[in-house]
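These are the residues of each chain, in order.
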Amino acid sequence: MSPSMTTTSTPAAPETYDVVVIGGGAAGLSAALTLGRALRSVLVIDAGHPRNAPAAGAHNLLGNEGITPLELIARGQDEARSYGAHITTGTVTDVTGTVEDGFTVSLDAEAPRTSRRGAPTPALAEAPATVRARRIVLASGAVDTLPPIPGLLERWGKDVIHCPYCHGYEVRGQQIGVLATSPMWLHQAKLIRQWSDDVTVLLDSQPAPSAEDRAALESRGIRIVEGTVGRVLSADDRLTGVEVAGIDGPLPLEAILVGTQMSIDSALVTSLGLHTEENPMGEFVPVDMRKATNVPGVFAAGNVTSVGSMVAASMADGVMAGAALNMDLVEEDFAHALIPA
Ligand SMILES: Cc1cc2nc3c(=O)[nH]c(=O)nc-3n(C[C@H](O)[C@H](O)[C@H](O)COP(=O)(O)OP(=O)(O)OC[C@H]3O[C@@H](n4cnc5c(N)ncnc54)[C@H](O)[C@@H]3O)c2cc1C
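Quick look at the structure, then. Only a predicted model underlies this, so the values are computations on that prediction, with no experimental measurement involved.

A short note on the environment of glycine 259
So, point 1. Residue position: glycine 259 is located in the loop between β15 (255-258) and β16 (261-263).
So, point 2. Through-space distance from the C-alpha of glycine 259 to that of glutamine 188 is 8.2 Å; in sequence the pair is 71 residues apart.

Structure, rendered in structure tokens:
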């Protein structure tokens, strides 16, 4: 259950865990929970920035519907710890090694070492600079980049949203703008119309739609505004509109749907030797049904493998990665037992 602790060697040998989980969001903590319940020694290293942190609530989450994202993480940490998982704050900067020889994980523990609830992180008194692991779970998520329009970032996760299933209900019936950032805007505009009959597409720098697409949008009352969006306006902690080049006065809006550019931690992915692929939403690490990557001994879960996955799917990924990885270790333990001493 416990990692092999350092004894008398100088300098001290790094602690060895069955599994190091990189990233302690929905996916990583679910993997840690599964592995802790399988009596594996687990260290979760988490930089502390889950993707949905700016949002007031996490939705479509049966049993925890609407819970604040940080409360969900705090509960997940408590649950994983209750089965022996160690959790520490830090950023993994490099991973070397192989499944045969084990992995060495380097981390930068400079980040403030406090838990989500503001209390000192109790699991590890001093985060080591390196730890060893028999297996790795990469659950480092993805980062959203918004168009650099003044005022947009300030409303992100509140009334500037990216996913109608996550927050469409919260902005239902409102004056909604669809800020076009890629050809996906057409899909987004049609989708958000389900939640409001007051939808305006802000084309910004995207090309105008075909006559056929324009007719389809207009048939359900969706307006199309051309011109660069100069600024997002807000007052009293609410979005109030946008300034658009060529239009006199602000265009009143109460919410904006925007497609973000999503990116994964490329330096870490490269250090692990992982393959990546790309889809219209961004780069991701492909995995098989067991959540195994192309690198033996390295599993991956959550948004780093599927940038569009919501919380419930990311949790399911983490559970599957934990279970498959545990079986991998079970087989290895039997193989070692067969080797004569
Ligand atoms: C504004 C917003 C609102 C959302 N609302 C919803 C919603 O209502 N319902 C829903 O189902 N989904 C929602 N989502 C999607 C949801 O955020 C993701 O599905 C979920 O966060 C994915 O979980 P994850 O564990 O893969 O990644 P994350 O939750 O992002 O966790 C990854 C963790 O890894 C850490 N990390 C990154 N790199 C390193 C490193 N090198 N070393 C150590 N740690 C590292 C990060 O800091 C982070 O803490 C929303 C997304 C956004 C952007």
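Looking at the packing of helix α1 (residues 26-37) against helix α7 (residues 311-338)
So, point 1. Where α1 meets α7, the closest approach of the two axes is 7 Å, and the angle between their N-to-C directions is 35°. For the element pair α1 and α7, the recorded crossing hand is right-handed. On α7, the residues touching Ala26, Ala27, Ser30, Ala31, Thr34 and Leu35 of α1 are Val311, Ser314, Met315, Gly318, Val319, Gly322, Ala323, Leu325 and Asn326.
So, point 2. A breakdown of the residues in the contact of α1 with α7 according to their chemical character gives 9 nonpolar, 6 polar and no charged.

A few points about the sheet that holds strand β10 (residues 199-202)
So, point 1. In spatial order, the strands read β8-β15-β9-β10-β11; together these 5 strands make up an open sheet with parallel pairing. On the outer flanks of this sheet lie β8 (160-161) and β11 (223-225), each paired with one strand and no other.
So, point 2. Of the pairings in the sheet, the one linking β8 to β15 comprises 2 bridges and is parallel in character. The residue of β15 that forms the bridge with isoleucine 161 is leucine 257.
So, point 3. Of the strands in this sheet, β9 (176-179), β10 and β15 are in contact with helix α4 (residues 185-192), which crosses β9 at around 165°.

Notes on the sheet that holds strand β14 (residues 251-252)
The strands that make up a sheet are held in pairs by hydrogen bonds between backbone atoms, and each pair lies either parallel or antiparallel.
So, point 1. With antiparallel pairing, the 3 strands of this open sheet are ordered in space as β12-β13-β14. Either end of the sheet is taken by a strand with one partner, and the two such strands are β12 (229-235) and β14.
So, point 2. Pairing between β12 and strand β13 (residues 238-244): 6 bridges, direction antiparallel. For valine 232, the partnering residue across the bridge sits in β13 and is valine 242.

Quick notes on the packing of aromatic side chains
So, point 1. For the structure on display, the rule yields 1 aromatic pair.
So, point 2. Relative to tryptophan 195, the ring of tyrosine 165 has its centre 5.7 Å away and its plane inclined at 85°; by these criteria the two rings are edge-to-face. With tyrosine 165 in helix α3 (residues 164-167) and tryptophan 195 in the loop between α4 and β10, the pair connects residues that are 30 residues apart, well separated along the chain.
So, point 3. Residue classification places tyrosine 165 among the partly exposed positions, given a relative accessible area of 48%.
So, point 4. Assessed through its relative accessible area of 19%, tryptophan 195 is described here as buried.
So, point 5. Here the guanidinium or amino end of arginine 172 rests over the ring plane of tyrosine 169, the centre of that ring lying 3.9 Å away.

Quick notes on the site of the ligand
So, point 1. Around the ligand sit 38 residues in total, of which Asp46, His49, His59, Ser309 and Val311 are the nearest.
So, point 2. Between the ligand and histidine 59, the relevant distance is 2.8 Å, taken from an oxygen atom to a main-chain nitrogen or oxygen of the residue.
So, point 3. Elements with a contribution of two residues or more to the shell around the ligand: α1, β2 (42-46), β4 (91-98), α3 and α7.
So, point 4. Of the residues contributing to the shell around the ligand, the split by class is 15 nonpolar, 19 polar and 4 charged.

Scoring rules and cut-offs
- Residues numbered from 1 in each chain as written.
- Predicted model: local features only at pLDDT ≥ 70, side-chain atom pairs only at ≥ 80, totals over all residues.
- Heavy atoms only, no water.
- Helix = DSSP H or I, 4+ residues; strand = E, 2+ residues; numbered from the N terminus.
- Axes fitted to C-alpha atoms, helices over the stretch in contact; angles between N-to-C directions.
- Left-handed = near helix turned anticlockwise from the far one by under 90°.
- Contact = heavy atoms within 4.5 Å.
- Nonpolar A, V, L, I, M, F, W, Y, C, P; charged D, E, K, R; others polar.
- Pairing = 2+ DSSP bridges.
- Phe/Tyr/Trp six-rings, centres within 6.5 Å; stacked < 30°, edge-to-face > 60°.
- Buried < 20%, exposed > 50% of the residue type's maximum accessible area, 1.4 Å probe, protein only.
- Lys NZ or Arg CZ within 6 Å of the ring centre and 35° of its normal.
- Near = heavy atom within 4 Å.
- Polar contact = N/O pair within 3.5 Å; in protein donor to acceptor, adjacent residues only side chain to side chain.

Any link to function would need more than the numbers given here.
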